[in-house]
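Observations on the model geometry
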Amino acid sequence: MFADTRKGLVDLLRKFDKNPNVYTFYDYRVKDAITKKLGWRIDHMLANEKLAALAVECYPDIRPRTWERPSDHLPLIGEFTLP
């Protein structure tokens, strides 16, 4: 599991995506940051181990960042199968 053993939390994005170059924030001050893949991972989705076991996907959604006047943060989407 991808747990922070000190807190008992699982980083859901890392559970599903091992790529270290997955970002959730692209600064407007960096020209063409998205196409140059110059971002930061400053948004996280953490879950306890029981909820993390129910997770089926976690990913940043890049589409809203390409809209006119969007946030510089990407929505981080978590999908779960609940009992």
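In what follows, the structure referred to is the one given above.
Residues numbered from 1 in each chain as written. Predicted model: local features only at pLDDT ≥ 70, side-chain atom pairs only at ≥ 80, totals over all residues. Heavy atoms only, no water.

1. Topic: the overall build of the protein
Across its full length, the protein holds three helices and five strands. Secondary structure of the protein in N-to-C order comes out as β-β-α-α-β-α-β-β. Along the first, second and third principal axes, the C-alpha set of the protein runs to 40 × 25 × 20 Å. The long-range fraction of contacts in the protein, counting pairs at least 24 apart against all pairs at least 6 apart in sequence, stands at 57%. When the accessible surface of the protein is split by element, carbon and sulfur atoms take 55% of a total near 5,900 Å². Considering the protein, the positive charge centre built from 14 side chains and the negative charge centre built from 12 side chains are found 3 Å apart. (Helix = DSSP H or I, 4+ residues; strand = E, 2+ residues; numbered from the N terminus. Contact = heavy atoms within 4.5 Å. Areas by Shrake-Rupley, 256 points an atom, 1.4 Å probe, with all protein chains shown as cover. Lys, Arg positive; Asp, Glu negative; His and termini not counted. Charge placed at Lys NZ, Arg CZ, Asp CG, Glu CD.)

2. Considering a nonpolar patch on the surface
Taken together, the side chains of Leu51, Phe80 and Leu82 make up a nonpolar region of the molecular surface, amounting to roughly 260 Å² of accessible area. Positionally, Phe80 belongs in strand β5 (residues 76-80). (Patch = residues over 30% accessible without salt bridge, like charges linked within 9 Å, V, L, I, M, F, W, Y side chains within 5 Å. Salt bridge = Lys/Arg side-chain N within 4 Å of Asp/Glu carboxyl O.)

3. Re the environment of Glu79
In this structure, Glu79 sits in strand β5. On the basis of relative accessibility, which here comes to 35%, the residue Glu79 falls in the partly exposed class. Considering only alpha carbons, one finds Glu79 and Ala53, 26 residues apart in sequence, at a separation of 11 Å. Every residue in contact with Glu79, bar those within four places of it in the chain, is listed here: Leu54, Ala55, Val56, Glu57 and Tyr59. (Buried < 20%, exposed > 50% of the residue type's maximum accessible area, 1.4 Å probe, protein only.)

4. Overview of the packing of aromatic side chains
Per the stated rule, a full pass over the model turns up two aromatic pairs. Ring centres 6.1 Å apart and planes at 90° place the aromatic pair Tyr23 and Tyr26 in the edge-to-face group. Residue Tyr23 shares its accessibility class with Tyr26, and that shared class is buried. (Phe/Tyr/Trp six-rings, centres within 6.5 Å; stacked < 30°, edge-to-face > 60°.)

5. Considerations on the nonpolar core
Membership of the largest hydrophobic core is limited to 10 residues, which are Val10, Leu12, Leu13, Val22, Met45, Ala47, Ala52, Ala55, Cys58 and Leu76. Counting only elements with at least two residues in this core, the list comes to α1 (12-16) and β4 (55-60). (Core = buried A, V, L, I, M, F, W, Y, C linked by side-chain atoms within 4.5 Å.)

6. Description of unusual backbone geometry
Of note in this structure, Asp32 is not a glycine but carries a positive phi near 55°. Backbone geometry at Arg69 places phi at a positive 55°, although glycine is not the residue there.

7. Concerning the pattern of salt bridges
Here the structure, examined in full by the defined rule, presents three salt bridges. In this structure, the salt-bridge partner of Arg29 is Asp27, at a minimum N-O distance of 2.6 Å. Of the residues examined, Arg29 reaches a relative accessible area of 75% and is grouped as exposed. Given the relative accessible area of 10%, Asp27 is considered buried.

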